[in-house]
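Structural overview
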Amino acid sequence: MAGEVYRRIFGHRHVVVIQHHNLSTQDWLSIKKQHSQIKFKIINTYLIQKVLQESKFSNMIHLFEGPVVLAFSSGEISSLSSLVTFCQSEPRFLILGAKIDNSILTSKQLSNAVTLPPIKTLQSQLISLIQSSPQSLLATLSHTPATLSQVLQIHSTPKNQSS
């Protein structure tokens, strides 16, 4: 039963492994309210190690030592930004690592990843870049013959006038 819960959690796009220390129930309620777009699950480290042992995330097993909570979401990675900032400023929390889609990230990599714009924005910027290059080249190529023609006329006119 618990194994199935952990498998479902790791089915989300983003799973952050956070070590926590000395948190009261009131602290947890406050944190959950602050980060309402993210779900949290305090876990049994022994059980999750057993579940992960048989999964493609088995190399994350070493992260599960001591009191650990999983923060998970299926939204954009930018939704984790406030959580990462909070954990960095709160000494009772330590981000141990994360799973983003099918990639495993260190704490530092996660900090960098949450600052990236959403994937849709990156895709549209890439498409604009790809489309702008041929357009710029075409404009340059169509502009160059006209300019070259003008330059040749200027240089050929003095020779004709001086002869």
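Residues numbered from 1 in each chain as written. Predicted model: local features only at pLDDT ≥ 70, side-chain atom pairs only at ≥ 80, totals over all residues. Heavy atoms only, no water.

What about the pattern of salt bridges?
Just so we agree on the cut-off: Salt bridge, as used here, is a side-chain nitrogen of Lys or Arg placed within 4 Å of a carboxyl oxygen of Asp or Glu. Per the convention used, a helix needs a DSSP run of H or I reaching at least four residues, while a strand needs a run of E reaching at least two, with both numbered from the N terminus. Each residue is assigned to one of three classes by its accessible area relative to the maximum for its type, calculated with a 1.4 Å probe on protein chains only: buried under 20%, partly exposed between the two thresholds, exposed over 50%.
Using the criterion set out here, one finds 3 salt bridges in the structure. In this structure, aspartate 101 and arginine 13 form a salt bridge, with 2.9 Å as the shortest nitrogen-oxygen distance. Of this pair, aspartate 101 sits in the loop between strand E4 (93–100) and strand E5 (103–105) while arginine 13 sits in the loop between helix H1 (2–9) and strand E1 (14–20), and the two are 88 residues apart along the sequence. Notably, a salt bridge pairs aspartate 27 with arginine 92, separated by 3.0 Å at the nearest N-O pair. One end of the pair, aspartate 27, is in helix H2 (residues 25–34); the other, arginine 92, is in the loop between helix H4 (81–89) and E4, and 65 residues separate them in sequence. The exposure class assigned to aspartate 27 is partly exposed, which follows from its relative accessible area of 23%. A cluster of three or more residues bridged by salt bridges with shared partners is formed by Asp27, Glu90 and Arg92.

Points about unusual backbone geometry
Phi at asparagine 22 is positive, roughly 55°, even though this residue is not glycine. Even without being a glycine, aspartate 101 presents a positive backbone phi close to 55°. Looking at aspartate 101, the relative accessible area reads 34%, which means it is partly exposed.

A closer look at the pairing of strand E3 (residues 68–73)
This is how the line gets drawn: In this description, strands pair whenever DSSP reports at least two bridges between them.
Among the 6 residues that make up E3, 6 are buried, leaving the element largely enclosed by the rest of the structure. Bridge analysis of E1 against E3 gives 6 bridges, and the strand direction is antiparallel. Paired with valine 15 across the strands is phenylalanine 72, a residue of E3.

Description of the sheet that holds strand E2 (residues 39–42)
Put simply, the rule is: Every axis in this analysis is a line fitted to C-alpha atoms, fitted for helices over the stretch in contact. Angles between the N-to-C directions lie between 0 and 180 degrees. Whether two residues are in contact is decided by their heavy atoms, any of which lying within 4.5 Å being enough.
Spatial ordering of the open sheet is given by E2-E3-E1-E4-E5, a layout of 5 strands whose pairing is antiparallel. Edge positions in the sheet fall to E2 and E5, since each of these pairs with one other strand and no more. Averaged over all adjacent pairs, the angle separating strand axes in this sheet is 20°, with direction ignored. The sheet contact formed by E4 and E5 spans 3 bridges and is antiparallel. Paired with lysine 99 across the bridge in E5 is isoleucine 104. Along the sheet face, H4 touches E1, E2, E3 and E4 and points at about 150° away from the line of E4.

Points about H4
Rules: Directions drawn from the helix axis to the C-beta atoms are what define this arc.
Where H4 is concerned, the buried positions are Leu83, Val84, Phe86 and Cys87. Considered in projection along H4, the buried side chains sweep an arc of 160° and stay on one side of the axis. In H4, those exposed residues whose orientation departs by more than 90 degrees from the buried face are Gln88 and Ser89. Each element contacted by the buried residues of H4 is listed here: E1, H2, E2, E3, E4 and helix H5 (107–113).

Thoughts on the side chain of glutamine 19
Where we set the bar: Distance and chemistry together define a polar contact, namely a pair of N or O atoms within 3.5 Å, with one atom able to donate a hydrogen and the other to accept it when in protein, and with adjacent residues in sequence counting only for side-chain atoms on both sides.
Relative to the elements of secondary structure, glutamine 19 occurs in strand E1. A polar contact of 3.0 Å, which involves the side chain of glutamine 19, links it to the backbone oxygen of glutamate 65. Beyond its immediate chain neighbours, meaning those up to four positions away, glutamine 19 contacts Glu65, Gly66, Pro67, Val68, Arg92, Phe93, Leu94 and Leu96.

Remarks on the packing of aromatic side chains
Keep this limit in mind: For Phe, Tyr and Trp, rings pair up if their centres lie within 6.5 Å, where Trp contributes its six-membered ring, and each pair is then called stacked (planes under 30 degrees apart), edge-to-face (over 60) or tilted (otherwise).
Taken as a whole and judged by the stated rule, the model has 4 aromatic pairs. Measuring from centroid to centroid gives 5.7 Å for phenylalanine 10 and phenylalanine 57, while their planes differ by 40°, and the two rings are tilted. One end of the pair, phenylalanine 10, is in the loop between H1 and E1; the other, phenylalanine 57, is in the loop between helix H3 (45–53) and E3, and 47 residues separate them in sequence. Put simply, the rings of Trp28, Phe40, Phe86 and Phe93 touch in pairs and so form one group of aromatic residues.

Considering the environment of leucine 116
Mapped onto the secondary structure, leucine 116 falls in the loop between H5 and helix H6 (119–162). The spatial distance from the C-alpha of leucine 116 to the C-alpha of serine 78 is 7.2 Å, given a sequence separation of 38 residues.

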